[in-house]
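# Summary of the model geometry
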Amino acid sequence: MKEPSRRLLWERRSQTPLLVLAVAFAVAYAVPIVVPDASARVHGACTWVEWVVWGAFAADYLVRLALSEERGRFVRTHWLDLAAVVLPLVQPLRLLRLVATLMLVGRRARMAPQIQLTTYVAGSVVGLMMFGSLAVLSVERDAPDGNIKNLGDAVWWSFTTMTTVGYGDHSPTTGLGRVLAVGLMLSGIALLGVVTANIAAWFISRFERDDQVERLQLAAILELRAEVRALRGEVARLGGTADPAAAPPAPAAPGAPAPRA
C-alpha cells in the first residue's frame with residue numbers, strides 16, 4: 001500500500017504543473033500556424049517548447065511507473081499514457097505531438113476527483129474545437145484545392161463538424177484533413193451523448209431524491225399517528241375507560257328534565 005500512496009501523492013502534486021505545461025504547449029503549437037510568417041527563431045522556440053513539454057510528460061510517466069508496486073499492471077492499465085509518450089518518437093510530427101499531449105492531459109484530468117463532469121465536457125469541447133481548427137488549418141491551408149485558408153474558416157468548420165451540422169461551405173480536401181474531420185465528428189457525437197446522459201441522470205436523481213423525501217415524510221406521519229393512538233389509549237386506561245368516545249353519559253342532576261330521545 002506504500003507505493004500506490006506515493007504514486008497518488010506524485011500525481012496530485014504534478015497535476016497543476018503538467019496542466020500549465022499543456023497550456024504552454026498549446027501556445028507553442030498555435031503560434032506557427034496562426035502566424036506562419038514569424039521568424040525562424042520563433043518557430044524554433046515553439047518547437048523547443050513542444051519537445052520540452054513532451055519530455056515532461058514522458059518523465060512523469062516514468063516516475064509514476066517507478067512508484068508503482070505492480071509495474072506490469074500499471075503498463076497494462078495505462079497503455080494510453082505509454083502510447084502518447086512513444087507516439088512522437090515514431091514519427092516526430094507536430095500534429096502527432098499535439099495528439100500525444102491531448103491524450104496525456106485528458107488522462108490526468110480524468111484522474112482528478114475535483115473536476116466535475118460538466119467542467120470536463122466543456123473543456124473537452126473547447127479544446128477539441130480549437131486544436132481541431134489549428135490542426136486542419138495546418139494541413140489544409142497549402143492544399144491546392146483547399147478552402148480552409150484562415151483561422152476563422154477553420155474554427156467555423158470545426159464548430160459545424162463537431163455539432164454534425166456540416167453546411168459544406170468549408171470541407172477538408174486532404175487525406176489527413178478528412179481523418180481529422182472523422183475524429184471531430186465522433187468526438188462531437190460522444191460529447192453530446194455525455195451531456196444528454198448527464199442531464200437525464202440529474203433529473204432522475206432529483207426525482208428519486210424528492211420521492212425519497214416524500215416517503216420519509218409519510219413514514220414520519222404514520223409513526224406520529226401510531227404514537228397519538230397509543231397516547232389516547234394510555235389516557236383512556238388511566239381514566240378508567242376503554243375509550244373516551246365510548247364512555248357512558250354523565251347522570252343528570254336532580255330535578256333536571258330528562259333528555260329527549
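Here is a short report on the structure shown in this document.

Parameters at a glance
- Within every chain, residues take consecutive numbers counted from 1 along the sequence as written.
- Predicted model: local features are reported for residues with pLDDT of at least 70 only, side-chain atom pairs are reported and counted for 80 or more only, and whole-chain, interface and lining totals are derived from all residues.
- To get the side-chain values, all heavy atoms of the structure are used, and hydrogens and water are removed first.
- Labels follow the DSSP assignment, with helices taken as runs of H or I lasting at least four residues and strands as runs of E lasting at least two, numbered in each case from the N terminus.
- When a residue's accessible area, from a 1.4 Å probe over protein chains only, is under 20% of the maximum for its type it is buried; when over 50% it is exposed; and in between it is partly exposed.
- Residues are treated as being in contact if the distance between any of their heavy atoms lies within 4.5 Å.
- Per-residue accessibility takes into account occlusion by the displayed protein chains alone, with areas from the Shrake-Rupley method and a 1.4 Å probe.
- To count toward a patch, a residue needs a relative accessible area over 30% and no salt bridge; like charges are then connected within 9 Å, while nonpolar side chains (Val, Leu, Ile, Met, Phe, Trp, Tyr) are connected within 5 Å.
- For this document, the term salt bridge refers to a Lys or Arg side-chain nitrogen within 4 Å of an Asp or Glu carboxyl oxygen.
- All axes here are fitted lines through C-alpha atoms, helices being fitted over the stretch that makes contact, and every angle between N-to-C directions spans 0 to 180 degrees.
- Any angle that falls under 35 degrees is termed roughly parallel, while one over 145 is termed roughly antiparallel, one within 65 to 115 roughly perpendicular, and all others oblique.

## Digging into the overall build of the protein chain
Helix and strand content of the protein chain: eight helices and zero strands. The order of α-helices and β-strands along the protein chain, N terminus first, is α-α-α-α-α-α-α-α. Split into buried and exposed, the 261 residues of the protein chain put 28% on the buried side. Long-range pairs, those at least 24 residues apart, make up 61% of the contacts in the protein chain with a sequence separation of at least 6. On the protein chain, roughly 16900 Å² of surface is accessible, and the fraction owed to carbon and sulfur atoms is 67%.

## Side note on a nonpolar patch on the surface
Where nonpolar side chains cluster on the molecular surface, the patch consists of V195, I199, W202, F203 and F207 and spans about 510 Å² of accessible area. You can see I199 is positioned in helix 8 (residues 175-238).

## Considering the environment of G177
Residue position: G177 is located in helix 8. Look at G177 and you get buried, because its relative accessible area is 0%. Remark: the alpha-carbon pair of G177 and V139, spanning 38 residues in sequence, is separated by 6.4 Å.

## Overview of the packing of helix 7 (residues 151-162) against helix 8
Where helix 7 meets helix 8, the closest approach of the two axes is 8 Å, and the angle between their N-to-C directions is 50°. Our classification of the angle between helix 7 and helix 8 gives oblique. Seen from helix 7, the contacting residues are W157, S158, T161 and M162; seen from helix 8, they are G177, L180, A181, L184, M185, G188, I189 and L191.

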